[in-house]
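# Structural overview for review
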Amino acid sequence: MFRSAIIHLSFAVLLVPFIGAALSGCDKADSVTSNIPDATLPQEYQLTGEQLLTQSLDDIQALSDWAASASQAQLNSPLPLDKSANVAADSTFVYGQLSPEGYGSVITVKYGHPKGILLITLKRAHGEAGGGVVTETRKYISYESLRGDIPQDWSRVEVTGASLDTIVTHAERNGVIETYTFRLPVVTRTVNSLDGSVRVSTHYARGGIIFTEITDEHGALIQSRQTSGWADGSTLVRTENPDHSWRAVRTLGRADGTILREITSGN
């Protein structure tokens, strides 16, 4: 059976949770270049190359899952994001925008008060020519800094499937530029704190596409994913299950604040 649906999501503001999985662990980074030592970075940015890679892929996956599950009630008309207004805590806004490079991007802005302190987290996600995906995170500690676009911390991670099945990750964090080249699969292991179950994720490249295989601790396949970007800024995530069912979600942010979602699935 085959079915497809192309849905234009016209909204700029959605109050919905946007949660990405946190993964840790690594296999190997073959080469690393950096302008200054990591010791000069803020503590929260002391992430390894493997963690930067998996975090970026998690953000793209979370965007794909959110886009696929958005209900009809959430398909609101675009509303401008008024940076002059204070926003209630634990609110998340999602909208489309063009990146400075001209790519169609999806923006999420999350307002929270961890430990009673205001934290505004803005994330940008888009694809790029050549199949790569880009995620950018900017953190603000006041409404004034958001309005002036003066982040307390920021990072930009570009993940590309290069030749010879190599994953290249370019990261810029607070002005520090790093390049990580992974010629071996990057393996992460996640333990569920509730039931103790284990998931093992293996990331590798093939034909310019980033593949992720998720298995249990015994090696049984749970799910496989293919992540890539398009030249217009679209991100595409294809998810395949052990029963051979699959779903592909293409997401594209637009300059008018709307988001185009295209879902194709089959068995």
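For every chain, the first residue of the written sequence is number 1, and numbering continues from 1 onward in sequence order. Residue-level local features of this predicted model are given only where pLDDT is at least 70; pairs of side-chain atoms are given and counted only at 80 or more, and the full residue set underlies all totals for whole chains, interfaces and linings. As a rule here, side-chain values come from all non-hydrogen atoms in the structure, and water together with hydrogens is ignored.

### A short note on the environment of alanine 248
For helices the rule is a DSSP run of H or I covering at least 4 residues; for strands it is a run of E covering at least 2, with both sets numbered from the N terminus onward. With respect to the element layout, alanine 248 can be found in strand β15 (residues 246-253). In the structure, alanine 248 is positioned 15 residues away from isoleucine 263 in sequence and 5.7 Å away in space, judged by C-alpha atoms. Note on definitions: a residue-residue contact is assigned when non-hydrogen atoms from the two residues lie within 4.5 Å. Contact partners of alanine 248, with chain neighbours within four places excluded, come to Leu236, Val237, Arg238, Glu262, Ile263 and Thr264.

### Regarding the pairing of strand β12 (residues 209-216)
By the bridge criterion, eight bridges tie strand β11 (residues 198-206) to β12 in an arrangement that is antiparallel. When the bridges of β12 are listed, valine 200 appears paired with threonine 215. By the convention used here, strands pair only if DSSP detects at least 2 bridges between them. Taking the residues between adjacent antiparallel strands as the criterion, β11 and β12 are bridged by two residues, where glycine 207 takes a positive phi near 60 degrees. Judged from the six bridges that link them, β12 and strand β13 (residues 221-229) form a sheet pairing that is antiparallel. When the sheet's bridge partners are listed, threonine 212 is paired in β13 with arginine 225. Remark: four residues form the turn of the hairpin made by β12 and β13, two consecutive strands paired antiparallel; glycine 219 in that turn has positive phi of roughly 90 degrees.

### Structural notes on the nonpolar core
Proteins that are soluble and globular tend to have nonpolar side chains buried together. Remark: nonpolar core denotes a set of buried residues (Ala, Val, Leu, Ile, Met, Phe, Trp, Tyr, Cys) joined through side-chain atoms within 4.5 Å. Burial classes: relative accessible area under 20% of the type maximum marks a residue as buried, over 50% as exposed, and values in between as partly exposed (1.4 Å probe, protein chains only). Counting residues in each nonpolar core, the largest one holds 24 residues, and the members touching the most others are Leu53, Trp66, Val159, Ile167, Phe182 and Ile210. Counting only elements with at least two residues in this core, the list comes to α1 (49-69), β7 (153-161), β8 (167-173), β9 (176-182) and β16 (259-266). Sorting elements by how many residues they give to this core places α1 first, with seven residues. One finds Val87, Val109, Tyr111 and Leu122 within the second-largest nonpolar core, a separate group that totals 12 residues.

### Some remarks on the packing of aromatic side chains
The pairing test for Phe, Tyr and Trp rings, Trp by its six-membered ring, is centres within 6.5 Å, and the orientation test on the planes gives stacked under 30 degrees, edge-to-face over 60, and tilted for anything in between. Under the definition given, this model contains four aromatic pairs. Where phenylalanine 93 meets tyrosine 111, the ring centres are 5.7 Å apart and the plane angle is 75 degrees; that geometry is what we call edge-to-face. Separated by 18 residues along the polypeptide, phenylalanine 93 in strand β3 (residues 91-98) and tyrosine 111 in strand β4 (residues 104-112) bring together distant segments of the chain. For phenylalanine 93, a relative accessible area of 10% translates into the label buried. According to the relative accessible area criterion, tyrosine 111 is buried, its value standing at 2%. On the numbers, 6.2 Å between centres and 25 degrees between planes, the contact of tyrosine 111 with tyrosine 143 is stacked. Of this pair, tyrosine 111 sits in strand β4 while tyrosine 143 sits in helix α2 (residues 143-147), and the two are 32 residues apart along the sequence. In this pair, the class of tyrosine 111 matches that of tyrosine 143, namely buried. In this analysis the charged atom, NZ for Lys or CZ for Arg, is taken to sit over a ring once it is within 6 Å of the ring centre and within 35 degrees of the ring normal. When the ring centre of tryptophan 246 is taken as reference, the NZ or CZ atom of arginine 238 above it lies at 4.2 Å.

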